[in-house]
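# Working through the structure, step by step
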Amino acid sequence: MRISTQPPMALEPERYELIAPPTYRFGVARRDFFKLLGGGIAVFCLHDSPLAAQDAGRSGRRPDDDLPQDISAWLHINDKGEVTVFTGKVEVGQNIRTSLTQAVAEELSVAPGSVQLLMGDTERVPFDMGTFGSRTTPTMNPQLRRAASAARDALIALAAEAWQLDPKGLVTVSGVVTDPESHRSVSYGELAKGRELAKSIPAEDPLIPAAQWKTMGKPLAKVAGRDIVTGRHRYPSDIKLPGMLYGKVLRPPAFAATLTSLDAQKAEAMPGVTVVHDGNFVGVTAPSSHDAQAAIAALNATWKTTPQPSGDELYDYLKKNAVHAEERGSHTAGSVEKGLAEASARLQQTYTVAYIAHAPLEPRAAVAEWKDGKLTVWTGTQRPFGVRGELAEVFHLPEDHVHVLMPDMGSGYGGKHTGEAAVEAARLAKAAGRPVKLVWTREEEFTWAYFRPAGVIEISAGLASDGVITAWEFHNYNSGGAAIGTLYNIPNQRIEFHPSQSPLRQGSYRSLAAAANHFARESFMDELAHLARMDPLDFRLKNLTDPRLRDALQAAAKRFGWGEDKPQPGHGFGIAGGFDKGGYVATCAEVAVDSATRQVRVVRVVTAFDCGAVVNPDGLRNQIEGANMMGIGGALFEAIRFENGRILNPHFAQYRVPRFGDAPAIEVVLIDRKDVPSAGAGETPIVGIAPATGNAIFAATGQRRRALPMAPEGV
């Protein structure tokens, strides 16, 4: 028996930011698509239909409210044959604009270039909980495929009616319906011309099986990629409106500080400057960002601070402040005590994980505008509807009075689920009576955003003389419950996640706690293999029957050459396997440790990944390579340092992320299972690199690193 991977609609407990109170507290009717887009074919879906059960949730913070009951359109074809697709998912650099385009083009039988996606506009797309959790591919991809399939059926039916033929005999190719017998054909645009036809998505509509894909399953160049590399693309931080002002917010000297006095006379005397003071919120607007920064510097504020924990006491603090409420993610099977008693050897270890920052390419940014009591905000967020709910709550507005738009932004990694910049820009715009643009500095991003949770993980296990694991006890404090279960065949298990009171603001990060739980579990598996005097791969396979994880481990090991060659002096090989969110991953790493300087460098990585049927192999490889590079940072040197409510390393000069010189040779093995539904790939590939690296360091040096980061100063 084992813990299953997360249920499709579950919110993992470590998404702390989704249940946190608002950062600030300050004292749409159904649309006509044909009027908006013109005549043509539209495909609709009732929200209470099972097919529309995309990501359960609400536009605010909780996942258990009823979804809106209005009708929303997914797809529209105009009289030119142009296809517009509507989705609440957003593009943050993971390339779903391309993969979703492929999905629609496949089922509709059109060229990908004729498909345009409208994403993340809360007035024009169906409700969506957000773009996170690797949910786009398993939920939105089939949803849009169903919509496209329904549209194709509607078009075939129109042609069949016109020709007085059985629709089953007609075929579609490249946006054209054809009768093979008479060779008559008609384009989608001609069929849509002059019509206003709406079709519902049928309850059951067979989609094209993966083995027959013509557009999906093949590489496709990134949609709008040329605009990105030439600089034509406009990110949220590039948005400009006529008459726009620039905003800045006065930040306190420490977390949880209270404003006790404010002297704003010098700032208010500056030309074009408006000072906004609302409780603990103090901000300014000015004609330029330079003027806004000067106005902030001219403010004279005093704050009351309170003593807070520091990094030196973090892990003791997390254990002492664990919340002993009903445990989430707990699992028990058999008797751990019995399994330990039967064991010929026992092992117990503790692993720790530091807070780390998301460090997105583009810091938080927002432009806000008020008109006639309604608010419009352009901002970078993974949850446009969530930010809409946050704005409505803070400003006491009905949600249909708030419009959020999300231009494709410069990465998020789970760190842009909340709308701080949007709220700040909106508050300043309300006071100024003009649109206001607010862009966080890198220091603000490092300090006032939330972090990946730190954690303490304790593991105990029993081992039989033949290398079979007899007992397994796993306790995670604070980090989270994602992928906390094990696929290894262990009859006696006790696995628990213990929430704790975190000294820093924390929340979602790529893979959530799966990276931490895999680091601890796969490092411990390596330690058990060493205790059993077995090869680390053989030991894993001996205790594993899950066929997909076995295949991933063997595929990675084969490409890496595991067991065929011995590492050169100062080098070590490591292996780790994992699973999460429907994906199975195995990573092999080669690490070099300089004998004189003790510098650690990952020189080669091989990752095998199984996420079912592959939609876009090039995009998938990019995700896997990017996950490995990002994971190297958390594995070796990324860590937030803090003391008494202050972040001590809020700049890239002090907070090291992977650089070009840190990039190893990365090889990717795709396990393409055409008979398995596609799962997401944004998160799972990151979970193998830290334990594989740690195991390789042990192989190279004989030293076991049980704390992330493992080489905080590069050594």
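In this report, we go over the structure that sits alongside the text. (Residues numbered from 1 in each chain as written. Predicted model: local features only at pLDDT ≥ 70, side-chain atom pairs only at ≥ 80, totals over all residues. Heavy atoms only, no water.)

### Re the pairing of strand S19 (residues 436–439)
Spelled out, the test is: A pair of strands is treated as paired once DSSP finds two or more bridges between them. Strands are runs of DSSP state E lasting at least 2 residues, helices are runs of H or I lasting at least 4, and numbering of each runs from the N terminus.
The sheet contact formed by strand S9 (residues 245–249) and S19 spans two bridges and is parallel. Among the inter-strand pairings, Tyr 246 is bridged to a residue of S19, identified as Lys 437. Pairing between strand S16 (residues 365–371) and S19: four bridges, direction antiparallel. When the bridges of S19 are listed, Ala 365 appears paired with Val 439.

### Describing the sheet that holds strand S7 (residues 185–187)
Using the following cut-off: Only the stretch in contact is used when fitting a helix axis, every axis being a line fitted to C-alpha atoms; angles between N-to-C directions are given from 0 to 180 degrees. Contacts are residue-level and defined by heavy atoms, with any inter-residue pair within 4.5 Å sufficient.
Strand order in the open sheet made by the three strands is S5-S6-S7, with antiparallel pairing throughout. Only two strands of the sheet have a single neighbouring strand rather than two, namely strand S5 (171–173) and S7. On average, each strand axis in the sheet is inclined to that of its neighbour by 25°, with strand direction left out of account. Where helix H3 (residues 136–163) meets the sheet, it contacts S5, strand S6 (176–178) and S7, and its direction lies at approximately 45° from that of S6.

### Structural notes on the sheet that holds strand S18 (residues 402–405)
Taking strand neighbours across the sheet as the criterion, the seven strands line up as S11-S12-S9-S19-S16-S17-S18 in an open arrangement whose pairing is mixed. The open sheet has two edge strands with one neighbour each: strand S11 (274–278) and S18. The mean angle between the axes of side-by-side strands here comes to 25°, regardless of whether they run parallel or antiparallel. Where S16 meets strand S17 (residues 374–379), six bridges bridge the pair, whose relative direction is antiparallel. Residue pairing in the sheet places Lys 371 in a bridge with Lys 374 of S17. Packed onto the sheet, helix H7 (residues 289–298) meets S9 and strand S12 (281–286) and runs at close to 30° relative to S9. Relative to S18, helix H10 (residues 384–394) is tilted by about 145°, and along the sheet it contacts S17 and S18.

### Here's the deal with the side chain of Thr 684
In this structure, Thr 684 sits in the loop between strand S28 (665–670) and helix H17 (689–701). Each residue touching Thr 684, except ones within four places of it in the same chain, is listed here: Phe 579, Asp 580, Lys 581, Gly 583, Val 585 and Phe 609.

### Details of the packing of helix H2 (residues 96–108) against H3
When two helices pack together, their arrangement is given by the angle between their axes and by how far apart the axes lie. Rule in force here: Between 65 and 115 degrees an angle is taken as roughly perpendicular, under 35 as roughly parallel, over 145 as roughly antiparallel, and anywhere else as oblique. Handedness of a crossing is defined here by the sense of rotation of the near helix relative to the far one, left-handed for an anticlockwise turn of less than a right angle and right-handed for a clockwise turn.
At their nearest, the axes of H2 and H3 sit 7 Å apart, and the two run at 30° to each other. With respect to their mutual orientation, H2 and H3 come out roughly parallel. The hand of the H2/H3 crossing is right-handed. Where H2 approaches H3, its residues Ile 96, Ser 99, Leu 100, Ala 103, Val 104, Glu 107 and Leu 108 are matched on the opposing element by Thr 136, Met 140, Asn 141, Leu 144, Arg 145, Ala 148, Ser 149, Ala 151, Arg 152 and Leu 155.

### Considerations on the layout of surface pockets
Convention followed: A cavity, in this analysis, means grid points on a 1 Å lattice covering only the protein atoms where a 1.4 Å probe fits yet has no way out; a pocket is instead an open set bounded by protein on both sides within 12 Å along at least five of seven lines, and a residue lines either one if it has an atom within 4 Å of a point. Grid points are joined across faces, edges and corners, and a volume is the space filled by probe spheres set on the points. Ten residue types, Ala, Val, Leu, Ile, Met, Phe, Trp, Tyr, Cys and Pro, are classed as nonpolar, four, Asp, Glu, Lys and Arg, as charged, and the remainder, Gly among them, as polar.
Approximately 930 Å³ is the volume attributed to the second largest pocket. In this structure, the second largest pocket is lined by 38 residues; those nearest its centre are Thr 23, Phe 255, Ala 256, Trp 448 and Arg 505. Looking at the lining of the second largest pocket, the elements with two or more residues in it are S12, helix H11 (420–432) and helix H12 (442–448). Partitioned by chemical class, the residues of the lining of the second largest pocket number 21 nonpolar, eight polar and nine charged.

By themselves these figures say nothing about function.
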